[in-house]
Structure formats: structure tokens, C-alpha cells
Amino acid sequence: MMTVYRVIFTFYYSGGVANLMPYGDLLQAFILGVRYDAAVLAYINSLMTLLFVIFWFINSQKLFIKFVKSLKYYYTVFFGLILSLLCVDFGFYSYFQNHMNILMFGVFEDDTKALFSTIVENYPVFWAAVGFISIFVVIYLLTKYFAERKIIGYYLNKTKIYIKIIVSVCLIAVNFILARGSFGLFPLGVDNAEISTNAFINKVAINGIYTLQAAIEARSKEKDRDYIGQMGYSKNNMAQAFADFLNVDVSKIDKAEPEKSLWKKTKYNKALEETKPNVIFIVMESLGTDLMHYNSPTFNVLGEFKKHLDEDIVFYKFLPSNMGTIGSLESSITNIARLPLSQFLCQSKYAYNKYFYTGPMPYKRSGYETAFMYGGNSGWRNCTSYMPNVGFDKVIGEGSMPKEYERNQWGVFDEYLFDYILKFLDENDNRKFIYVMTTTNHPPYSLPSGYQKPYPLEISEQLDKDITGDRKLSNMRFATYQYSCQKVGEFLTKLKNSKYGDNTIVAITGDHNFWITFTYSLERKLDEMSVPFYLYVPKKLRANKKPDTSVVGSHTDILPTLYNVSLSNTPYWATGTDLLSDEAEKNIASNCLGSIMTKDNFVIYDFASNKEKYYKWNKEKPREIVPAQENAEHKNMVKHYKSSVAIAYYMLTNERGMIK
């Protein structure tokens, strides 16, 4: 039954036979998959195998029969649970393009009511419930049949003792070997699934039970993890981490207070001194870059946003900090890297500390009014408590917005949120730094009642081939993407034509790429994750030098870039780079998922195993990567990444970084 699941999974999510090459690797994946499945079943069987041997040796037919009859309850629960979890894994993959992982815990930490409402709208919950119940009923009937009619019928209470010993030893040995999954030095683990250069084939091999177990293990270790030590540094010598991060000799770092090395200051700028521009930083739900490449007159997903993308500054080789919304928000707000496999800061003990280096602080110290604005419930992910501690004067959610604003399960539709931003600018004469998170481009992919699609969304033959999964859901996905882009484009048009057009800077990015639509090969790692970074700077505030938008970046680079285009002669602390500066040419962009890139090279680092794989950009297909031999820059990239993780943990736990 688990193999049948693997077959269905493979052909449903592969996106076509061409995506299953090389076929030799696919066969190997299925063989390895049987080992994973057998290991899961062996773990379930281990207790029953031991009890079977014990009751057999007791030699009591009455006790043995009672034991055998009890098997139907045990196996109904565990086999039913396994098959149910695989069904959940199937749905999880449709959303996250991966097997069950640490994001599963988000079900209980997110807006659970909205999440379940989304599930009800997007999936046939009634039939799913019937299916889950049927699984347990079928398992019960099968185990009852085989246990009570077959095993009891073969019971022999006069079996010779040496045969019992041989059979028992063989049973236990086979169970142990299958549970271990390997004759090698190490047992079968999630890292053994790396058998192909085709990332999807690797996902075919592993099963969701293994990845869920790995997620639970990672979660349990979360509180005890020593990020500094794991990255190869010492708490007593953090100067080396800062030196590695900056790629300078350790003698240039203050050993007593190494964090001083990351203080910077924006240049004096007369225009900024006079204007003191408003700054609006918008994070768009699921604004992935990949879908933008399909934009055309007949498949117009960008709408009015395209005009602004063409007019202003946009970085496309850009990584989100995380593939979950709150993980990306925390990194872009705190000015430090997100810790891999860690609990989100806003829901951890660090949520209640105040730090001098967080994103809004330079604006706050410069007299700006700072606001965090969310289209949903402001209590989401503990934002009501967390956001004031990182420097926001106001935390505004849908509850503070007019009742007449139309809403879906997650909050007000984007057009109303953008309308509220403009009204908020009008509230007083204070210069404002506004950090905004939208909600509409999120399952259940609903649109306002009065919205009419202004542009066609005709699915081309090539796009149809690339889509995996449910076509109806994909069409809804495209429509909400178009809606969000159209409305943010209309917002920019209104802003530029208003009194704020000459004194307001706008940055727009996505929290993560969109999901549910495409399957990505390893070569397309950037497309799998990337989001754009759009920047509007009024003409009178722009530098004369044309920016190099081919440089790479990530969420931690947004605020340093904003500081330098909006604040004059202002000190700030950050681990990111101003992407409009000359330093950006050598920038190293990374995220907590272990993707690290420069203009020339790419590294995928596995935090759990402390292993890395090396790539370079494909000259013929500039957004794709190809395997490469390790070089000096690869080594420096890994060193930079490890030091950034160590520094992030150091800054969170170091009292000098906290505001008392």
C-alpha cells in the first residue's frame, strides 16, 4: 500500500515523464523507497515480534490466542495512522513542494482557525474524512482476518524448543535489519535519499514518515542547540566569526565587543536632510519571481505592477530568508540571519527582549513614526507583543481597519490594505516608516466580490506542461497572483501621482515563492525560492549612478539598502549589504534553508548534516545552476554562511545587544 502511494505521488507531482529522468535513478528511488517503508513497518512490528516470541515460549494456547486477537487493535491504530499520515503528506506536498517537515508545527502556531478554514475551502474535507475512516475500517478487517483465521490456525504448542529458538532469532534479526535499513556503519536516514541530481526523484525515494520524524527530532533539539559551537566557533572568541563574516584578519576585530565591526553610517545627503522621506516596506504574500517569467499579453499576471517593475529598480536574483511567512518577516526586520531549524523569534523567549540593532530602530532614533501593518489579525504569531519590542510604535491589524473593508479568512483584501496605507500617511505630518504584510495571495485564493479580472490568463501549451497538481487550484492561484500585482501596481500609481510621490520611498518583496503549481528540478533551485526586490526612489533622491541589478541579495539586504537611500548621516547596525553600493558586487546572499549564492557560484549547505554541495551558474541558462568543483569562493561562501548563523545567535543572546 505504501508503494502504491509512492507510484501515485510520483506521477501526480512529477509534471511529466521528462521530469523523471534519468530512469535508472527513478528505479533506484523506488528500491530505496521500499527500504524506507519496510523500516517504518519494522518499527511498528518490533514490539509485536517481541511479544509473539514471549507468548510462544510461555506455551499457553489460551494466552497466545488472546495475544493474537489483540493484534487487530494494535495494527488498526498504527497501520491506519501510517496510511493517514501519508495522505496528509500528499496534501502537504501540494502546498509546500516537500514532504512533511518542521513547517508542520506551524499548524498549531499560525492562525489555526484561518488555516482550517482554508483547508475546508480548498479540499474535499468530507470525502477526506470518509477516506480516513475507511482506511481504519479496512485495516481492521484485514488484520482480523489474518490474525484470527490464519495465525491461530497455525498455532503449534508442541513445536520443538530448538525450532522455536531458530525461528525467534530469525524473526528478531530480520525485524532489526529492516528497522535499521542498512548493513553499513550508519542506519538508514533522511540523508540517504540524495541519490540523484534530479531533486524530485530524491523526494520520490523518501517517505513523509521519515521526514516527519526528522522534523520532530529537530524540534526537540531546538532549545538545546549551540549554534555557535555547531558552526565551529567559540562563545569566548566570537571575534573570529565576525572576521570570517567580513573576510578580514581577526586582528581588525575588537575581541571584547566584536559586534562593533558591523556598525556603519549612511553618507551625508542634503536632499535627504531636507526631505526626510517616508519609507514603506511591503512584503507581499507569495510574490514569487518564477511566475513573473511566464507573464505575457495573453497570460498577464503582473497587471499594472509591470509598468513600475519596468520603470524602477528591481533585483531578481534574490532569496527570501525562509519558505514560511513569519520566518522571512523576522529576518528582514531583525537585521540578522534566521537561525536554521529554530523556533520563530516572535514565539520564542527572545520575543520579549528589545535589541538596539533591529530594523526600525535607525528610523525611530531619527524621529520617524514606525508602524507594523498586517492585513490580518495583529495577534497572529504573537505580533502584538513582538513587534513593539523590535521598534514599532504601532501594530495595526485588520481590527483597526474600517469594518466595511471586505475580508477573506486571512484578513482584508490587498486593495483595502493599500488604501489604508495612504490614509495612514495622511494621519499627521510625522515622517513614517511603515512595514506592511499582505494576505490575499494565500489559500483559499478568494477574491473580492466586485473584482473583475482586467487581463487575460490564458494557459499556454508550455505553461500547461509545467503545471503539476490540480488545474482548478492553479487557475485560482494565478488569479489571486494577478489581483495582488494589479492592486499593488494601482497603489504605486496613486502614490506616485499624489503629494507623497516625491517624498516617499517604497520597497516591495515577497515572503516566499508561490506553491502548489510547479515542481522544480535541482538546477532550478533559484526559481524554486526566489522573490523580487522592487525599489522606488523619487527622482530628486536618486543617485546619478545607474544601479547594477544583476547583483545577488536576500531579505537581510533590504533594510541596509533602505537606510542608505532614506537616511542621511545616520549610524546603523546590520549584517546585510546596501545593494546600491559598490560592496554589492561581492555580496554573498543566503537563507536559513542553506542556499548561498554570489554572482558566480552557488552552494547548498545542509545544516543538519554539516555538508555542502557546490555549483556555478549555467552560462547558457543564467538562472540555473550546474555542479562544480569546489573553489576558493565556495569555501568563503560557506564560511560566510556559518559565521552569519553564529553571529545571529550571539546577538540574540548577548546582553550588550539588548536595550534595558
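Anything mentioned here points back to the structure above.
Residues numbered from 1 in each chain as written. Predicted model: local features only at pLDDT ≥ 70, side-chain atom pairs only at ≥ 80, totals over all residues. Heavy atoms only, no water.

(A) Local environment of the overall build of the chain. In terms of regular secondary structure, the chain is built from 22 helices and 18 strands. With the C-alpha coordinates of the chain rotated into their principal frame, the extents come out at 100 × 65 × 50 Å. By the burial criterion, 55% of the 660 residues in the chain qualify as buried. In the chain, 77% of the contacts between residues at least 6 apart in sequence involve partners at least 24 apart. Here the chain displays about 29300 Å² of accessible surface, and carbon together with sulfur accounts for 58% of that area. (Helix = DSSP H or I, 4+ residues; strand = E, 2+ residues; numbered from the N terminus. Buried < 20%, exposed > 50% of the residue type's maximum accessible area, 1.4 Å probe, protein only. Contact = heavy atoms within 4.5 Å. Areas by Shrake-Rupley, 256 points an atom, 1.4 Å probe, with all protein chains shown as cover.)

(B) Helix 22 (residues 632–653), seen in detail. Helix length check: helix 22, at 22 residues, gives a terminal C-alpha distance of 32 Å against a target of 32 Å (1.5 Å per residue), a fit within 8%. You can read the cap of helix 22 off the contacts: a side-chain oxygen lies 3.0 Å from the backbone nitrogen of Glu 633, and it is on Asn 631. (Expected span 1.5 Å × (residues − 1). Polar contact = N/O pair within 3.5 Å; in protein donor to acceptor, adjacent residues only side chain to side chain.)

(C) Seen up close, helix 7 (residues 161–180). Helix length check: helix 7, at 20 residues, gives a terminal C-alpha distance of 28 Å against a target of 28 Å (1.5 Å per residue), a fit within 8%. Regarding helix 7, the residues found buried are Lys 164, Ser 168, Asn 175 and Ala 179. Taken end-on, helix 7 shows its buried residues confined to a sector of 40 degrees, consistent with a single buried face. One or two steps after helix 7, the chain reaches Gly 181, where phi turns positive at roughly 75 degrees. (Arc of directions from axis to C-beta.)

(D) Summary view of the packing of aromatic side chains. In total, this model carries 48 aromatic pairs according to the counting rule given. Centroid distance Phe 602 to Trp 617: 5.5 Å. Interplanar angle 85 degrees. Geometry classified as edge-to-face. Of this pair, Phe 602 sits in strand 16 (residues 601–606) while Trp 617 is found in strand 17 (residues 611–617), placing the two residues 15 residues apart along the sequence. Assigned by exposure class, Phe 602 and Trp 617 land together as buried. Over the aromatic face of Trp 617 sits the side chain of Lys 317, whose NZ or CZ is 3.8 Å from the ring centroid. (Phe/Tyr/Trp six-rings, centres within 6.5 Å; stacked < 30°, edge-to-face > 60°. Lys NZ or Arg CZ within 6 Å of the ring centre and 35° of its normal.)

(E) Highlighting the sheet that holds strand 6 (residues 394–396). The strand order 3-11-10-2-9-5-6 describes an open sheet built from seven strands, whose pairing is mixed. One side of each edge strand has no neighbouring strand; the edge strands of this open sheet are strand 3 (313–315) and strand 6. Mean inter-strand twist for the sheet, computed between neighbouring axes without regard to direction, equals 15 degrees. With respect to the sheet, helix 17 (residues 414–426) is in contact with strand 2 (278–284), strand 5 (369–374), strand 6 and strand 9 (432–437), its orientation differing from that of strand 9 by roughly 170 degrees. (Pairing = 2+ DSSP bridges. Axes fitted to C-alpha atoms, helices over the stretch in contact; angles between N-to-C directions.)

(F) Layout of a nonpolar patch on the surface. Together, Phe 57, Ile 161, Tyr 162, Ile 163, Ile 165, Ile 166, Val 167, Val 169, Leu 171 and Ile 172 line one region of the surface with nonpolar side chains, adding up to about 840 Å² of accessible area. Here the nonpolar patch takes nine residues from helix 7, the largest share from any one element. With respect to the helices, strands and loops of the structure, Ile 166 is situated in helix 7. (Patch = residues over 30% accessible without salt bridge, like charges linked within 9 Å, V, L, I, M, F, W, Y side chains within 5 Å. Salt bridge = Lys/Arg side-chain N within 4 Å of Asp/Glu carboxyl O.)

(G) Expanded view of the packing of helix 17 against helix 19 (residues 471–496). Relative orientation of the contacting elements helix 17 and helix 19 amounts to 20 degrees, with a least axis distance of 9 Å. It follows from the interaxial angle that helix 17 and helix 19 lie roughly parallel. Crossing handedness for the pair helix 17 and helix 19: right-handed. For the pair formed by helix 17 and helix 19, the contact residues are Asp 414, Glu 415, Phe 418, Ile 421, Leu 422 and Leu 425 on the first element and Tyr 483, Ser 484, Lys 487, Val 488, Phe 491, Lys 494 and Leu 495 on the second. Class assignment of the residues belonging to the contact of helix 17 with helix 19 gives a composition of eight nonpolar, one polar and four charged. (Parallel < 35°, antiparallel > 145°, perpendicular 65-115°, else oblique. Left-handed = near helix turned anticlockwise from the far one by under 90°. Nonpolar A, V, L, I, M, F, W, Y, C, P; charged D, E, K, R; others polar.)

(H) Representation of unusual backbone geometry within the structure. Cis rather than trans, the peptide bond between Pro 443 and Pro 444 has omega equal to 20 degrees. Looking at where Pro 444 falls in the secondary structure, it is placed in the loop between strand 9 and helix 18 (461–466). In this structure, Asn 247 takes a positive phi of about 60 degrees despite not being glycine. Examined against the element boundaries, Asn 247 turns out to sit in the loop between helix 11 (239–246) and strand 1 (263–265). A positive phi is found at Lys 276, a non-glycine position, where the angle reads about 45 degrees. Looking at where Lys 276 falls in the secondary structure, it is placed in the loop between helix 12 (270–275) and strand 2.

(I) Up close: the sheet that holds strand 16. One open sheet holds the five strands; their spatial order is 14-15-16-17-18, and the pairing between them is antiparallel. Sheet topology places strand 14 (589–590) and strand 18 (625–627) at the edges, where each strand pairs with a single neighbour. Bridge analysis of strand 14 against strand 15 (residues 595–597) gives two bridges, and the strand direction is antiparallel. Across the sheet, residue Ala 589 finds its bridge partner in strand 15, namely Met 597.

(J) Inspection of the environment of Phe 491 at higher detail. As for its position among the elements, Phe 491 is in helix 19. A residue is classified by how much of its surface remains accessible, and Phe 491, at 3% relative accessible area, is buried. Separated by 72 residues in sequence, Phe 491 and Asp 419 have C-alpha atoms that sit 7.6 Å apart. When sequence neighbours within four positions are dropped, the list of residues in contact with Phe 491 reads Ile 280, Ile 282, Phe 418, Ile 421 and Leu 422.

(K) Spatial organisation of the pairing of strand 2. In terms of burial, strand 2 is a largely internal element, seven of the seven residues being buried. The side-chain alternation of strand 2 yields two buried faces, one formed by Asn 278, Ile 280, Ile 282 and Met 284 and the other by Val 279, Phe 281 and Val 283. One ladder, built from seven bridges, connects strand 2 with strand 10 (residues 504–510); its direction is parallel. The residue of strand 10 that forms the bridge with Phe 281 is Ala 507. Of the strand pairs in this sheet, strand 2 and strand 9 are connected by five bridges, and their pairing is parallel. In the sheet register, Val 283 faces strand 9, and the bridge partner there is Met 437.

(L) Local environment of the pattern of salt bridges. Under the counting rule described, the total for this entry stands at 26 salt bridges. Its salt-bridge partner being Lys 394, residue Glu 369 comes within 3.0 Å of it at the nearest N-O pair. Taken together, the residues span a long stretch of sequence, with Glu 369 in strand 5 and Lys 394 in strand 6 at a distance of 25 residues. The salt bridge involving Asp 582 is made with Lys 545; its shortest N-O contact spans 2.5 Å. Of this pair, Asp 582 sits in the loop between strand 13 (571–573) and strand 14 while Lys 545 sits in the loop between strand 11 (533–536) and strand 12 (553–554); the two residues are 37 residues apart in sequence, bridging distant segments of the chain. Salt bridges linked by common partners bring Asp 290, Arg 524, Asp 527 and Arg 623 together as one network.

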